[in-house]
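# Geometric and topological summary
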Amino acid sequence: MTSYTGKTSISPAHAIMHLARLQVGVVPVAEEAIDNGVDAEATTIWHVIEPGRMMIIDNGHGMLSTMLAADADLLQELWQKKLSGELPADFDVRSQISPASRRSLQWMQESIGFSAKLPDERDTLGTKGLGGTVSWRSVARRAVWTTRPNDELAAAMPDLASPTPVWRMEPPTAEQLARGDLDYSIVEVSPNALQNPYGGVLASGTAVEIMDLDPEAERGLRPMAFAEAYRMRYGGFVRAGRITIIIVDRVTEEGRRTPNGREILVQPSQYRGAVILETEIRVGKYTARIELFYDPKGRGTYPFLRRQGIDLKTTMAVLVSELPLLRGPLISGKLSGFVAFPNAPDTEAPWTTDKLKPLDSPLRSQWERAVASLIPDLEAAMEAMDEKVRSRQMETVTKQVTDAALEAIGDLEAYQGILPNLVRNRTSGKSKSKKKRQPRPLDKVIAVVRNEHNMGVAGAILELHRGITCVNRLVTGPGGVISFGKQPPGRYRMKLTPPNGAKVRAGEDTFVFNLSPNQPGCRIPFHVVTGEPAPQRPGRLPKLELWLHPWENVGEPFRADRLARYGQVEINEQHDAIAEAYRRSDEERVATLTALYTSMALAGHAFHGTPTSVVNAQAASLFNRMLDITLQDMETRQRAQAARRGRK
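Given the structure is predicted, the values throughout are model-derived calculations rather than measurements.

Cut-offs used in this document
- Residues numbered from 1 in each chain as written.
- Predicted model: local features only at pLDDT ≥ 70, side-chain atom pairs only at ≥ 80, totals over all residues.
- Heavy atoms only, no water.
- Pairing = 2+ DSSP bridges.
- Helix = DSSP H or I, 4+ residues; strand = E, 2+ residues; numbered from the N terminus.
- Axes fitted to C-alpha atoms, helices over the stretch in contact; angles between N-to-C directions.
- Phe/Tyr/Trp six-rings, centres within 6.5 Å; stacked < 30°, edge-to-face > 60°.
- Buried < 20%, exposed > 50% of the residue type's maximum accessible area, 1.4 Å probe, protein only.
- Expected span 1.5 Å × (residues − 1).
- Salt bridge = Lys/Arg side-chain N within 4 Å of Asp/Glu carboxyl O.
- Core = buried A, V, L, I, M, F, W, Y, C linked by side-chain atoms within 4.5 Å.

Taken in spatial order, the three strands of this open sheet run S18-S15-S21, and their pairing is mixed. With one partner strand each, in any of the chains shown, strand S18 (481-483) and strand S21 (522-527) form the two edges of the open sheet. Each neighbouring strand pair of the sheet contributes to a mean axis angle of 15°, computed without reference to strand direction.

The next thing to look at is the packing of aromatic side chains. Within this structure, the stated rule accounts for seven aromatic pairs. For the ring pair Phe226 and Tyr230, a centre distance of 6.0 Å and an interplane angle of 45° mean the geometry is tilted. Residue Phe226 and its partner Tyr230 are both found in helix H10 (residues 223-239); the two are separated by four residues, about one turn of the helix. Residues Phe341 and Trp351 carry aromatic rings whose centres are separated by 5.3 Å and whose planes lie at 90° to one another, so their mutual orientation is edge-to-face. In this pair, Phe341 is assigned in the loop between strand S14 (335-340) and helix H13 (362-372) and Trp351 in the loop between S14 and H13, connecting sequence segments ten residues apart. The two residues Phe341 and Trp351 agree in class, both being buried. Among the aromatic residues, ring-to-ring pairing joins Phe226, Tyr230 and Tyr234 into one connected group.

Relative to the 20 Å expected for 14 residues at 1.5 Å per residue, helix H2 (residues 26-39) spans 20 Å between its end C-alpha atoms, a close match to the ideal helical length. Most of H2 sits inside the fold, with twelve of its 14 residues counted as buried. Every buried residue belonging to H2 is among Val26, Val27, Val29, Ala30, Glu31, Glu32, Ala33, Ile34, Asp35, Gly37, Val38 and Asp39, and all of these are buried. Count one or two residues on from H2 and you reach Glu41, which has phi positive near 60°.

Moving on to the environment of Asn518. Along the chain, the position of Asn518 falls in the loop between strand S20 (510-515) and S21. Take Asn518: its relative accessible area is 78%, and that puts it in the exposed class. Taking the C-alpha atoms as reference points, Asn518 and Asp443, 75 residues apart in sequence, are found 9.6 Å from one another.

The subject of this paragraph is the pattern of salt bridges. Taken as a whole, this structure holds 25 salt bridges when the rule is applied. For Glu209, the salt bridge identified is with Arg53, shortest N-O distance 2.1 Å. In this pair, Glu209 is assigned in strand S7 (residues 205-213) and Arg53 in strand S3 (residues 53-58), connecting sequence segments 156 residues apart. Under the relative-accessibility criterion, Arg53 is labelled partly exposed at 24%. Put simply, Arg262 and Asp249 hold a salt bridge, and the shortest N to O gap is 2.9 Å. With a gap of 13 residues between them, Arg262 in strand S9 (residues 262-265) and Asp249 in strand S8 (residues 244-249) connect regions that are remote in the sequence. The pair formed by Arg262 and Asp249 is uniform in burial state, with each residue classed as buried. A cluster of three or more residues bridged by salt bridges with shared partners is formed by Glu50, Arg53, Glu209 and Arg250.

It is worth spelling out the sheet that holds strand S24 (residues 568-572) at this point. Strand order in this open sheet of three strands is S22-S24-S23, and the pairing throughout is mixed. Looking at which strands have only one partner, the edges of the open sheet turn out to be strand S22 (545-549) and strand S23 (558-559).

Buried together is how nonpolar side chains tend to be arranged in soluble globular proteins. Core analysis: the largest hydrophobic core is formed by 76 residues, its most contacted members being Ile210, Phe226, Tyr230, Ile276, Leu292, Leu326 and Trp367. Counting residues in each nonpolar core, the second largest holds 19 residues, with Ala447, Ala502, Phe526 and Val528 among its members.

On to the pairing of S14, then. In terms of residue burial, S14 counts as a mostly covered element, since six of its six residues are buried. Covered by surrounding structure in S14 are Leu335, Gly337 and Val339 together with Ser336, Phe338 and Ala340, the residues of both alternating faces. Sheet topology places strand S11 (residues 286-294) next to S14; five bridges connect them, and they run antiparallel. By the bridge assignment, Ile290 is partnered in S14 with Val339.

Encoded structure:
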């Protein structure tokens, strides 16, 4: 087995930063290691969290132990020139070193301060050495790297033994740096030393073990906090299928109970709704991608600002407050997704130090104008989708409420024999048989008086006798139905006196019956002949179509003049109730009101030819009651939903 010992190259400025032990937090430290895994083209990254330590393991291309000899000599020469001030501040050392050497443990330790990225590496993450080898010291006392290169990288060193070795590197701790000890070691270890969290040997990759965490850092080992941070930072990579990130929780109570730890799969940001815009915009010599999703019922969802493939914590709603051109749908609270900023170097498009907002620059102005040019089309698409959703919702609610209304009407005695002529649910193909509804057992004494057309008769006198005592004497209303309520067991006689002009056949004007505890009620039918012509029955509707439009009479909610011929119900959008629902942007209320008014129009069609206006009054009372109940239920449900959102 081979080993290598070297000294960490570090300038006085970096030594001060090392010794200062800047508290950057465990999440940024872990992100640095995951950045390197993403840059190493890993397909899976595991973040193992245990008491007092954490490990980040990837199956990427891995790293070599040392640089190529020529590159190592060149690096030392350039380092001395940097310390003596012979090199300009912006001199790009990385451009002088081969890619294979830049993927070595030796480079990590001996190039601190030489981590500027090359032009073709602008889309990679991390700082390539500075964060990976420095930031961990702000939260822990010790860190160890274990790595194995893949075959392609190993080919850069033809003298490597076969199989490709696994190396372990331990940089100087903070205590060593404080003493001026800059020694680090790279040692060849067992070929099985590089493993995933479950003991499986990896063919290539890198594992970073950060140990002896400070008490404050250890308190920050919260698996779900890491998952949320990774969702924001790496969601684009996860969604694109480039990477799978698994948090292995062995620190919480649940994680300790689960064999091998509880797995938490990092999920990308959930974009709600349907795709409404998916395009790329040209910004100078760069492009920026935009993907927006629209949820008409969205409340407080906003697109993320994306930089270098990462959904930032900054949403467009926050940024738009500084960019007047971008107002409108981006702050509607109904859009999710992302709006990317061009992948341009900071020299062309500077950002704030926290990398959350672009600063003023010509490129930002160009990007703002390019995004703003899409807003009119975006607003039109949102309006079209709103209309589609409103129509679909209206159809659904209309059918449900109309069916319920017709069912309620069918239970009214006055309308028996009328509704069968009304087209209700049309089904194509094989019809499904409906289960016959069983009548409820009666516990009251009810009398029904009908004419030769099977319609209720008003003005008939009914007397209920028990023995020689007249229990009650009642007169029928327009429905022809009378209830004498609950009566005690015994033998009864009911006598009918028809209204003026009506006749009843002899022997059919009296009905004798018994009530018992097992049969406490009964329904007694009487038939009379009135001599009136049969009422005109409504014809079948050719179809049912809703037409929402405004007209001047705001007190008229609907018109059914065209119903019989065209199957069309007109709904007045300027009617007070509907107009108020529109002002509140309450689509459900609009749809429900429309359905109820449609039901009233259908009922009017069914009652066509009814000889008394009382029947229509009864229908109006029914629908007003349905309207009140429906709106009350809706408001109760909406208040409950608002309360749930508030608790969340």
